[in-house]
Each structure stands twice: as C-alpha cells, then as structure tokens.
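Below are the chains, spelled out letter by letter.
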Amino acid sequence: MFAVIYRWRTHPGKEDLLVEGWHRVTVAIHRECGSYGSRLHQADDGTWVAYARWPDAETRERCDVPDSEGEAMMREAIAEYFPETRLRIVDDLLAEPEAARPAAGGHDGVGTA
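As the structure is a computational prediction, the values presented were derived from the model and not from experiment. (Residues numbered from 1 in each chain as written. Predicted model: local features only at pLDDT ≥ 70, side-chain atom pairs only at ≥ 80, totals over all residues. Heavy atoms only, no water.)

Some thoughts on the packing of aromatic side chains
And step 1. Under the defined criterion, the tally for this structure stands at one aromatic pair.
And step 2. Considering the side-chain rings of Tyr6 and Trp8, the 6.2 Å spacing of their centres and the 5° angle between planes classify their relative orientation as stacked.
And step 3. Using a relative accessible area of 7% as the deciding quantity, one classes Trp8 as buried.
And step 4. Over the ring of Phe82 we find Arg7; its NZ or CZ atom is 4.0 Å from the centre of that ring. (Phe/Tyr/Trp six-rings, centres within 6.5 Å; stacked < 30°, edge-to-face > 60°. Buried < 20%, exposed > 50% of the residue type's maximum accessible area, 1.4 Å probe, protein only. Lys NZ or Arg CZ within 6 Å of the ring centre and 35° of its normal.)

Following this line, the structure appears as structure tokens:
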C-alpha cells in the first residue's frame with residue numbers, strides 16, 4: 001500500500017472552508033478514484049495535516065480531483081503548501097474501534113479510512 005502526507009497553513013478565519021473543501025474532495029476521490037480515504041488533523045503549531053491511503057502510487061497518479069468546487073474551496077483557504085511526503089507502508093498496526101473516531105463536523109462518508 002501507499003500513503004501520502006499533505007500539510008498546509010490556512011489563512012486566518014478560513015479553517016472551516018479548508019475542512020469543508022477537504023471533506024468534499026476526499027469523498028469524491030474515494031468514490032471516483034479508488035483511494036482508501038484520508039484523515040485530516042490540526043497540528044499543535046496550527047498547520048493542517050492530511051494522511052491519505054491508496055492501493056498504490058499509480059492509482060493516485062491517475063486520479064484527477066473529481067470535485068472542482070471542493071478543490072477551489074481548499075485553494076482559497078490555504079495560505080501555504082508544504083511539500084508532500086510519500087510513504088510505502090511497511091507494517092500497519094493501526095486498529096481503532098469505531099466509537100473512538102471523532103464525528104468530523106457531522107459529515108458522513110469516507111471518514112472511516
């Protein structure tokens with residue numbers, strides 16, 4: 001399996017726009033491109049970090065973002081893009097019970113990846 005870590009800094013007051021845009025884009029990519037979904041985090045330093053999993057790098061490379069409105073929302077919210085980190089998963093012991101997952105702003109969808 002393959003994973004990518006994305007990291008951004010938002011414009012002040014645009015955090016909700018990033019979250020909504022990220023959610024829309026992630027749901028569309030999962031549905032249209034076959035990703036395994038993603039998780040969005042806010043770091044202690046105020047940056048935003050998303051961890052996305054894919055079957056392989058080739059599947060990710062073939063994917064065009066299928067939600068242009070969600071992508072535009074993200075672009076408007078993001079003040080600074082940091083280089084992405086590409087990862088090859090060597091071992092995976094992440095096993096969270098369903099009840100431990102936060103309700104991401106009341107969204108339904110991919111949030112279980």
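Focus: the nonpolar core
And step 1. Core analysis: the largest hydrophobic core is formed by 17 residues, its most contacted members being Tyr6, Trp8, Leu18, Ile29, Trp54 and Met74.
And step 2. When contributions to this core are tallied by element, the ones reaching two or more residues are strand E1 (2-10), helix H1 (15-33), strand E3 (48-54) and helix H3 (68-77).
And step 3. With five residues, H1 is the single largest residue contributor to this core.
And step 4. Sequence-distant contacts of Leu18, that is, excluding residues within four places in its chain, are made with Trp8, Thr10, Trp48, Met74, Ala77 and Ile78. (Core = buried A, V, L, I, M, F, W, Y, C linked by side-chain atoms within 4.5 Å. Helix = DSSP H or I, 4+ residues; strand = E, 2+ residues; numbered from the N terminus. Contact = heavy atoms within 4.5 Å.)

Side note on H3
And step 1. Listed in full, the buried residues belonging to H3 are Gly70, Met73, Met74 and Ala77. Relative to the axis of H3, the buried residues are bounded by an arc of 95° and lie together on one face.
And step 2. For H3, the elements touching its buried residues are E1, H1 and strand E4 (78-88).
And step 3. At the N-terminal boundary of H3, the capping side chain belongs to Asp67, with an oxygen 3.2 Å from the backbone nitrogen of Glu69. (Arc of directions from axis to C-beta. Polar contact = N/O pair within 3.5 Å; in protein donor to acceptor, adjacent residues only side chain to side chain.)

Some points on the sheet that holds E1
And step 1. The strand order across the open sheet built from four strands is E2-E3-E1-E4, with neighbouring strands paired in antiparallel fashion. On the outer flanks of this sheet lie strand E2 (38-42) and E4, each paired with one strand and no other. When the angles between neighbouring strand axes are averaged without regard to direction, this sheet yields 15°.
And step 2. Examined bridge by bridge, E2 and E3 share five bridges and lie antiparallel to one another. Paired with Leu40 across the strands is Ala50, a residue of E3.
And step 3. Contacts from H1 reach E1, E2, E3 and E4, with the element oriented near 5° to E3. (Pairing = 2+ DSSP bridges. Axes fitted to C-alpha atoms, helices over the stretch in contact; angles between N-to-C directions.)

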